[in-house]
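An overview of the molecular structure
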Amino acid sequence: DKHLPLLDNLKELSKLMTEVSQSSSDISRGVEFFSVDQSKAIINYMKISVFQHYRLYEFLFHHTPDIKILDTQLEVEVIKSADPFPSPLEESLSWDIYSSYVLQQPTEEPEAEVEQETEEEMEVKDSTTEDALACYNMDDVTSMLSQVTGEMLNNIQSEIGEKLQKQEEAFTTRINKLKKS
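No experiment lies behind these values; they were computed from the predicted model shown.

1. Some words on the overall build of the protein chain
The number of helices and strands found in the protein chain is seven helices and two strands. Its helices and strands in sequence order give the protein chain the pattern α-β-β-α-α-α-α-α-α, from N to C terminus. Expressed as a percentage of its 181 residues, the buried residues of the protein chain come to 7%. Put simply, of all contacts in the protein chain between residues at least 6 apart along the chain, 33% involve residues at least 24 apart. Here the protein chain has roughly 17,700 Å² of accessible surface; of this, 57% comes from carbon and sulfur atoms.

2. Here's the deal with the nonpolar core
Counting residues in hydrophobic clusters, the biggest one holds five residues: L13, M17, I43, F51 and Y54. Beyond its immediate stretch of four places on either side in the chain, M17 contacts F34, S39, I42 and I43.

3. Points about the packing of aromatic side chains
Summed over the entire model, instances satisfying the criterion amount to one aromatic pair. With 6.2 Å between their ring centres and 35° between their planes, F51 and Y54 make a pair best called tilted. With a relative accessible area of 13%, F51 lands in the buried category.

4. Observations regarding the packing of helix α1 (residues 6–20) against helix α2 (residues 36–49)
α2 packs onto α1 with a crossing angle of 160° between their chain directions and a minimal axis gap of 10 Å. Relative to α2, the element α1 lies roughly antiparallel. At the point where α1 passes α2, the crossing takes the right-handed sense. On α2, the residues that touch L10, L13, S14 and M17 of α1 are S39, I42, I43, M46 and K47. Looking at the contact of α1 with α2, its residues break down into six nonpolar, two polar and one charged.

5. Section: the side chain of S39
Along the chain, the position of S39 falls in helix α2. If sequence neighbours within four positions are ignored, S39 has contacts with M17, S21 and F34.

6. Description of a nonpolar patch on the surface
Side chains of L56, Y57, F59, L60 and F61 sit close together on the surface and give an oily, nonpolar patch of about 560 Å² of accessible area. By the secondary structure assignment, L56 is in helix α3 (residues 54–62).

7. Digging into the confidence of the model for the protein chain
The share of residues in the protein chain with pLDDT of 70 or more is 67%, and the mean pLDDT across the chain is 75. Mean pLDDT per element in the protein chain: helix α4 (residues 88–91) is the minimum at 56, and helix α7 (residues 138–180) is the maximum at 90.

Conventions adopted
Residues numbered from 1 in each chain as written. Predicted model: local features only at pLDDT ≥ 70, side-chain atom pairs only at ≥ 80, totals over all residues. Heavy atoms only, no water. Helix = DSSP H or I, 4+ residues; strand = E, 2+ residues; numbered from the N terminus. Buried < 20%, exposed > 50% of the residue type's maximum accessible area, 1.4 Å probe, protein only. Contact = heavy atoms within 4.5 Å. Areas by Shrake-Rupley, 256 points an atom, 1.4 Å probe, with all protein chains shown as cover. Core = buried A, V, L, I, M, F, W, Y, C linked by side-chain atoms within 4.5 Å. Phe/Tyr/Trp six-rings, centres within 6.5 Å; stacked < 30°, edge-to-face > 60°. Axes fitted to C-alpha atoms, helices over the stretch in contact; angles between N-to-C directions. Parallel < 35°, antiparallel > 145°, perpendicular 65-115°, else oblique. Left-handed = near helix turned anticlockwise from the far one by under 90°. Nonpolar A, V, L, I, M, F, W, Y, C, P; charged D, E, K, R; others polar. Patch = residues over 30% accessible without salt bridge, like charges linked within 9 Å, V, L, I, M, F, W, Y side chains within 5 Å. Salt bridge = Lys/Arg side-chain N within 4 Å of Asp/Glu carboxyl O. pLDDT = per-residue confidence, 0-100.

If you want it as C-alpha cells, here you go:
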C-alpha cells in the first residue's frame with residue numbers, strides 16, 4: 001500500500017535484510033534467518049530482478065489507463081443480382097452443372113402467332129455469314145490490324161508528347177524561379 005520511490009525501497013530492503021541476517025559478532029536475538037553473505041546475495045538478486053524494472057512496475061500498478069471505446073459496427077451492402085440464383089462460385093458448382101440445371105429458366109411455350117423458321121431460311125442465314133467472312137484473307141486481316149494499332153499508337157504518342165511538354169514547361173518555370181531567388 002505504501003508508494004515509495006526507488007531509493008527509499010532499496011533502503012527499506014537493506015534495513016530489513018540487516019534485521020534478519022545474523023553476524024558472528026552479534027548476540028543471537030532469535031530472528032536471524034540469513035548470514036551476511038546470503039543477505040547480500042538476496043539484495044543483489046532483488047536489484048537485478050525487481051528494482052531494475054521498478055519504473056515499469058510502478059507504471060503498471062499505479063497508472064490508470066485511458067479508456068477508449070472503439071466502434072466496431074460494420075455495414076456491408078450487397079448488390080442484388082438480376083438472376084434468381086447466385087453465380088456458380090457462390091454455390092460451389094461446376095459451370096456445367098450450373099449452366100445445365102440452375103440457369104435453365106422455365107421457357108414459355110411459343111404462341112401460335114409466332115412464325116417458325118424453316119430449314120431454307122436457316123441455310124440462307126448460314127450462307128450469308130459464311131460469305132461475309134469468306135471475302136477476307138489473312139493479309140487483309142493483318143493490314144487492318146496494323147492500320148488500327150498504328151492509329152492508336154499515334155494517338156497515344158501525341159498524348160504522351162503533350163504531357164511531357166507540359167511537364168517540361170512546368171519544370172523550366174520552377175528552375176527560372178529558383179534562379180531568380
